[in-house]
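As a plain string of letters, each chain reads:
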Amino acid sequence: MESGARPVEAVCVIVVSDCERDAQRSWRAERSLLEALARQDLGEPFDVILVENERYRHQIPPDLPTLCPRLRIVFSAERQSASLKNIGACQTNAELVAVLDADCLPNEAWLRVLVAVLRERPDVSAVSGRTHYGAETSYRRALSLVDRSFDDLGRPGFTPRVSTNAALYRRSLLTRFPYPTSATPFGSAMLRMHAMARAGDVRFFFEPAAVVQHALGGWGSIRDFRRHIGYIDMMGDPRLRSIPSLLWQRFSFHGRDCLRLGPTY
């Protein structure tokens, strides 16, 4: 599955799973994602690198490597998704590199739209689009609004942040700002975002035509997601007396998103 030398494409997609780390994996998310990548309408070949922990080497389903053209599976002793993403970035020389979590399914235009932005806008360092949980029920739409609309401008434009679960980068940005080690993937993403913001010369773009549907688990995963958000909020000031102020900031933040994008969702 780890093949030898072959032509280097201009675009590469790195896939890492941070949603299922049990000893025995179902591989449902990876299988669905690779099938979605095979349907991309980019119009040119692109590489796909799936980065996995070494313990899963002998669990790879036989059909998995056949689901997406130009797929390479790389194994590492690392377990954290942040470290696996860094390893993936070192495995390609492509000019444009997408980093995609395995539990995010892109629409067919996702890669084409993001590539077009970076090729047409040399001043943009990275670009991402809209993430949602699905529109089948009000439950999914409401959670999408609360959890995923924070980086939704509602229109194409420059934005102070880029999606942590599905974005396209210039490779130079990935090598300049590797994913830092943290207790959670959310913490790693926040630390990295702050480092890029401090640099002062990194510009992000939002393109709503590039859409991914994030997997939505049960109430346990919803609760866990909020615990991670709370952990991130308190990283700046871990004192208990900071909680009322942080709660107010969080409610105000979500309230503005609901007023701004409620009808859209």
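Up top you'll find the structure we're talking about.
In this numbering scheme, every chain counts its residues from 1 along its sequence in written order. Note on the predicted model: pLDDT of at least 70 is required for a residue's local features to be given, and 80 or more for side-chain atom pairs to be given and counted; whole-chain, interface and lining totals, by contrast, use all residues. Here the side-chain values reflect all heavy atoms present in the structure, with hydrogen atoms and water set aside.

(A) Inspection of the overall build of the chain at higher detail. Strands here are runs of E lasting at least two residues and helices are runs of H or I lasting at least four, both read from the DSSP assignment and numbered beginning at the N terminus. Regarding its fold elements, the chain presents eight helices and nine strands. Only C-alpha atoms enter the radius of gyration; for comparison, a globular chain is expected to reach 2.2 Å times N to the power 0.38, where N is the number of residues. Here the C-alpha atoms of the chain give a radius of gyration of 18 Å, agreeing with the 18 Å that 2.2 N^0.38 yields for 265 residues. Seen through its principal axes, the chain has C-alpha atoms that stretch 55 × 45 × 40 Å. Burial analysis of the chain (265 residues in total) assigns 48% to the buried set. The contact definition used throughout considers only heavy atoms, calling two residues in contact when any of these lie within 4.5 Å. Contacts spanning at least 24 positions in sequence make up 77% of the contacts within the chain whose residues lie at least 6 apart. Methods summary: accessible areas were calculated by the Shrake-Rupley approach with a probe of 1.4 Å, and residue burial reflects only the protein chains presented. Element-wise, carbon and sulfur atoms account for 56% of the exposed surface of the chain, whose accessible area totals about 12,900 Å². Each residue is placed in one exposure class: buried if its accessible area under a 1.4 Å probe, protein chains only, is under 20% of its type's maximum, exposed if it is over 50%, and partly exposed if it falls in between.

(B) Spotlight on the packing of helix 7 (residues 219–235) against helix 8 (residues 243–261). Between helix 7 and helix 8, the least distance of the axes is 11 Å, while the angle of their chain directions is 120 degrees. It follows from the interaxial angle that helix 7 and helix 8 lie oblique. The two elements helix 7 and helix 8 meet at a crossing, and its hand is right-handed. Of helix 8, the residues touching helix 7 (which contributes Ile 229, Asp 233 and Met 234) are Ile 243, Leu 246 and Arg 250. In this description, a line fitted to the C-alpha atoms serves as the axis of each element, helices being fitted only across the stretch in contact, and the angle between N-to-C directions of two axes falls anywhere from 0 to 180 degrees. Oblique is the label for every angle not falling under 35 degrees (roughly parallel), over 145 degrees (roughly antiparallel), or within 65 to 115 degrees (roughly perpendicular). For any helix crossing, the convention is left-handed if the near helix is rotated counterclockwise from the far helix by under a right angle, and right-handed if that rotation is clockwise.

(C) Local environment of the environment of Pro 160. Among the structural elements, Pro 160 can be located in the loop between strand 7 (157–159) and strand 8 (166–170). Sequence separation between Pro 160 and Ala 197 is 37 residues; the distance between their C-alpha atoms is 7.8 Å. Ignoring anything within four residues of it in the chain, the contact list for Pro 160 reads Met 193 and Phe 204.

(D) Geometry of the nonpolar core. The set of buried Ala, Val, Leu, Ile, Met, Phe, Trp, Tyr and Cys residues whose side-chain atoms join them within 4.5 Å is what this entry labels a nonpolar core. Core analysis: the biggest nonpolar cluster contains 39 residues, and Val 13, Leu 37, Val 48, Leu 100, Trp 110 and Leu 111 have the highest contact counts within it. Going through the elements one at a time, strand 1 (11–16), helix 1 (28–38), strand 2 (47–53), strand 3 (71–76), strand 4 (96–101), helix 3 (110–120), strand 8 and strand 9 (204–214) are the ones with two or more residues in this core. Residues in contact with Leu 37, not counting those within four places in the same chain, are Val 13, Val 15, Phe 46, Val 48, Cys 68, Leu 100 and Pro 106. Grouped together as the second largest cluster of nonpolar side chains are 25 residues, Cys 12, Val 51, Ala 94 and Phe 177 included.

(E) Examining the packing of aromatic side chains more closely. Paired rings are identified among Phe, Tyr and Trp, the last through its six-membered ring, by centres lying within 6.5 Å, and are further divided according to the angle between planes into stacked (under 30 degrees), edge-to-face (over 60) and tilted (the rest). Inspection of the entire model under this criterion finds three aromatic pairs. A ring pair is formed by Phe 158 and Phe 205, whose centres lie 5.3 Å apart and whose planes are at 85 degrees; its orientation type is edge-to-face. Taken together, the residues Phe 158 in strand 7 and Phe 205 in strand 9 connect sequence positions 47 residues apart. By relative accessible area, which is 4% here, Phe 205 ends up buried. Each ring is checked for a lysine NZ or an arginine CZ that lies within 6 Å of its centre and within 35 degrees of its normal; such an atom marks a charge sitting over the ring. When the ring centre of Tyr 265 is taken as origin, the NZ or CZ atom of Arg 130, which lies over that ring, is 4.5 Å away. The ring of Tyr 179 has Arg 192 lying over it, and the distance from NZ or CZ to the ring centre is 3.9 Å.

(F) The arrangement of a nonpolar patch on the surface in detail. Residues qualify for a patch when their relative accessible area is over 30% and they have no salt bridge, like charges being joined within 9 Å and the nonpolar side chains of Val, Leu, Ile, Met, Phe, Trp and Tyr within 5 Å. Here, a salt bridge means any Lys or Arg side-chain nitrogen found within 4 Å of an Asp or Glu carboxyl oxygen. Together, Leu 240, Ile 243, Leu 247 and Phe 251 give the surface a local cluster of nonpolar side chains, amounting to about 440 Å² of exposed area. Position of Ile 243 relative to the elements: it lies in helix 8. We classify Ile 243 as partly exposed; its relative accessible area is 32%.

(G) Here's a closer look at the pairing of strand 9. In terms of burial, strand 9 is largely enclosed, as eight of its 11 residues are buried. Pairing between two strands requires that DSSP report at least two bridges joining them. As defined by bridge partners, strand 6 (residues 126–132) adjoins strand 9 across six bridges and the pair is classed as parallel. Its bridge partner lying in strand 9, His 132 is registered against Gln 213. As paired strands, strand 7 and strand 9 are joined by three bridges and run antiparallel to one another. Considered in strand 9, the bridge of Thr 159 is made with Phe 204.

Everything listed here is a matter of geometry and, on its own, says nothing about what the molecule does.
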